[in-house]
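Fold and contact review
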Amino acid sequence: MTDTAPPHYDLIIIGGGPAGQGAAEFAAFAGRRILVIERKVLGGLVVTTGGGPTKTLREAALHLTGFRYRTLYRITDQPDIVMAAERSLARTEQVSSTMQNSTHSFFVDRLGVDVVYGSARLGPNRSVIVTPIEVSERERVFTAEKVLIATGSRAFHPPNIPFDDPDIFDSEVLPRLKRVPKSTLVVGGGPIGCEFASIFSAFGIHVTVVQPGEHLLGTMDSELSDLLRIAFEKQGMRIVLGTGVRTAGRVHGELQITLQTGEVLRPDIVLFATGRLVNTEGLGLDAAGVKLSRRGIVEVDSHFQTSVEGVYAAGDVIGPSLASVSMEQGRVAASHALGLGFKVKLDPLSVSAVYSVPELAGVGLTEDIAKEQGIDYEVGRCSFGDIPRGLISGDTDGILKLIFHRQDRRLLGVHILGDIASELVALGQATLYNSGTIDVFNNLTFAVPTYTTAYKYAAFDGFKRLAATGVSLQTFGSEQTQDAVDSNQT
Ligand SMILES: Cc1cc2nc3c(=O)[nH]c(=O)nc-3n(C[C@H](O)[C@H](O)[C@H](O)COP(=O)(O)OP(=O)(O)OC[C@H]3O[C@@H](n4cnc5c(N)ncnc54)[C@H](O)[C@@H]3O)c2cc1C
């Protein structure tokens, strides 16, 4: 090697969001030499505008306004919304900044990876060129055995919407939101739209949600999505389905939004949560021969390798999804890129969790898909109003729904609306992962009072439905499971 040879690494990761972090973790555990190049902040969307900040604002809003408990305990005093919002926004900024610092030290101190700040693009022969953030600094070149593209995504801006207006926001709203609006229009009833609608509603702000589809949360179980819509309407939100926005702008200084139906709305602010675009510009992908799909996302094979040998991609850049999924993709990609030989496959059963109020979470088949695929399925439901834990906390509108195969009672899907749905779903996820039957919930002795008991009563509801249609309940699944437990304990 000459003095002028660029620094060489086992793996260069472009983008320090969840996908980059997952990959860096695995590569660092294996003692490889890694460089992460980040143009803004390590941690990506999760620490700047996405998961971390929005969940902090949601938590703060619920606590400070007493949103969950005002009706339950007949608290008639009106909360000080301006104080609550100011403190919630301040706490959100504080948590976001703590997360940014701790992610930097996680990469550098805990994982021991090298970090360079700047915009990266691919050069020839697995070299990566970095344009530093400081304009006074010169471009730098690095080389690697393998390169991972983990550059993520950004909010999609529908055409003809003036996003430079101070009251028109996209889903990366948080760093820009500095005041409490009187009314909000949320365009897009997907996970991010529903989350923001819930946060604004908790602050007592009048919220309208406009969603082009027939249901909120189009990919979730439609029975539960409809229950979420009813819960939103009970909270005072207006939900407009089956239409979108035709124009948005100012008329005589006032924000004016015209829907495709012709209805004119005049909210204080409007937030567009209408999808995401991948960050592929300026990466030199074309010149390097990295193929993009027709949707503009980076194409990868099952090892997360792109069309160019040695160049991998993971996270939102291969199709916007979730931080949880992006991290796992990064880990699997690093495993293949570096031949680590463990975690070589992505779990296809990822949880979808929506942090609306109430929460909605699901894993596996929805009833809609089971029906569409002609599967011989049955359902079992348990209302939180029928279990002590639900009655204690007052979350009586919550529901847990199991989808299972009628022939062998194999679990096919779990869908939950209500308190801690995003946590509660994990038991169903683990059961699905192990190809378990609903008999598992019959066999297990859960702590009471807990929301977990909803699994047992949903299974009982399922057994009742089977019996009512003449299916024998002879316990092939349950006895086998119980025998295995007995032999483990002796
Ligand atoms: C409002 C909101 C709420 C969300 N809530 C959740 C949630 O609750 N749970 C969940 O699982 N997911 C959530 N998501 C989705 C989640 O944030 C993303 O799926 C996840 O961050 C994707 O990870 P990533 O690493 O692929 O990309 P990103 O997080 O976008 O990170 C990519 C990184 O690459 C950097 N980069 C881009 N181009 C270059 C370049 N040329 N050179 C160097 N660096 C570059 C960027 O600066 C960025 O830091 C939410 C998203 C939003 C917007």
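Report follows, based on the coordinates. Just so it is clear, the model here is predicted, and its values are computed rather than measured. (Residues numbered from 1 in each chain as written. Predicted model: local features only at pLDDT ≥ 70, side-chain atom pairs only at ≥ 80, totals over all residues. Heavy atoms only, no water.)

Now for the layout of surface pockets. One number sums up the size of the second largest pocket: a volume of about 680 Å³. As for the second largest pocket, its lining consists of 25 residues, of which Phe67, Arg68, Gln235, Gly394 and Asp397 are closest to the centre. Per-class residue counts for the lining of the second largest pocket are nine nonpolar, seven polar and nine charged. (1 Å grid on protein atoms, 1.4 Å probe; cavity = no way out; pocket = protein on both sides within 12 Å on 5 of 7 lines; lining within 4 Å. Points joined across faces, edges and corners; volume = space filled by probe spheres on them. Nonpolar A, V, L, I, M, F, W, Y, C, P; charged D, E, K, R; others polar.)

This part takes up the site of the ligand. Inspection of the region around the ligand gives 37 residues, with Glu38, Leu45, Lys55, Asp316 and Ala323 positioned closest. The side chain of Glu38 places a nitrogen or oxygen atom 2.6 Å from an oxygen atom of the ligand. Contact between the ligand and Leu45: an oxygen atom at 2.9 Å from a main-chain N or O atom of the residue. Taken by itself the ligand offers 1,000 Å² of open surface, and the protein chains cover 93% of this. Going through the elements one at a time, helix H1 (18-29), strand S2 (34-38), helix H3 (51-65), strand S3 (114-122) and helix H8 (323-337) are the ones with two or more residues in the shell around the ligand. Each residue belonging to the shell around the ligand can be placed in one class, and the counts come to 13 nonpolar, 18 polar and six charged. (Near = heavy atom within 4 Å. Polar contact = N/O pair within 3.5 Å; in protein donor to acceptor, adjacent residues only side chain to side chain. Areas by Shrake-Rupley, 256 points an atom, 1.4 Å probe, with all protein chains shown as cover. Helix = DSSP H or I, 4+ residues; strand = E, 2+ residues; numbered from the N terminus.)

We now examine the environment of Asp10. You can see Asp10 is positioned in strand S1 (residues 8-14). Excluding residues within four positions of it along the chain, Asp10 makes contact with Arg32, Arg33, Ala144, Glu145, Lys146 and Leu338. Polar side-chain contacts of Asp10 include one of 2.8 Å to the backbone nitrogen of Arg33. (Contact = heavy atoms within 4.5 Å.)

Turning our attention to the pairing of strand S9 (residues 206-211). The buried count for S9 comes to five of six residues, which makes it a mostly enclosed element. Looking at chain direction, strand S8 (residues 183-187) and S9 are connected through five bridges and run parallel. Bridging from a neighbouring strand, Leu185 pairs with Thr208 of S9. Running through helix H5 (residues 191-202), the crossover from S8 to the neighbouring parallel element S9 is right-handed. Sheet topology note: the S9/strand S10 (residues 238-241) ladder contains four bridges and is parallel. Bridging across to S10, Thr208 finds its partner in Arg238. What joins S9 to S10 is helix H6 (residues 222-234), and the crossover it makes is right-handed. (Buried < 20%, exposed > 50% of the residue type's maximum accessible area, 1.4 Å probe, protein only. Pairing = 2+ DSSP bridges. Right-handed = clockwise from strand over helix to strand, strands pointing away.)

In this section: empty space enclosed by the protein. Applying the stated criterion to the full structure yields one cavity of 30 Å³ or more. In this structure, the largest cavity is lined by Leu57, Ala85, Leu89, Leu177, Arg179, Val180, Pro181, Phe200, Phe203 and Ile205. Tallied by class, the residues present in the lining of the largest cavity amount to nine nonpolar, no polar and one charged.

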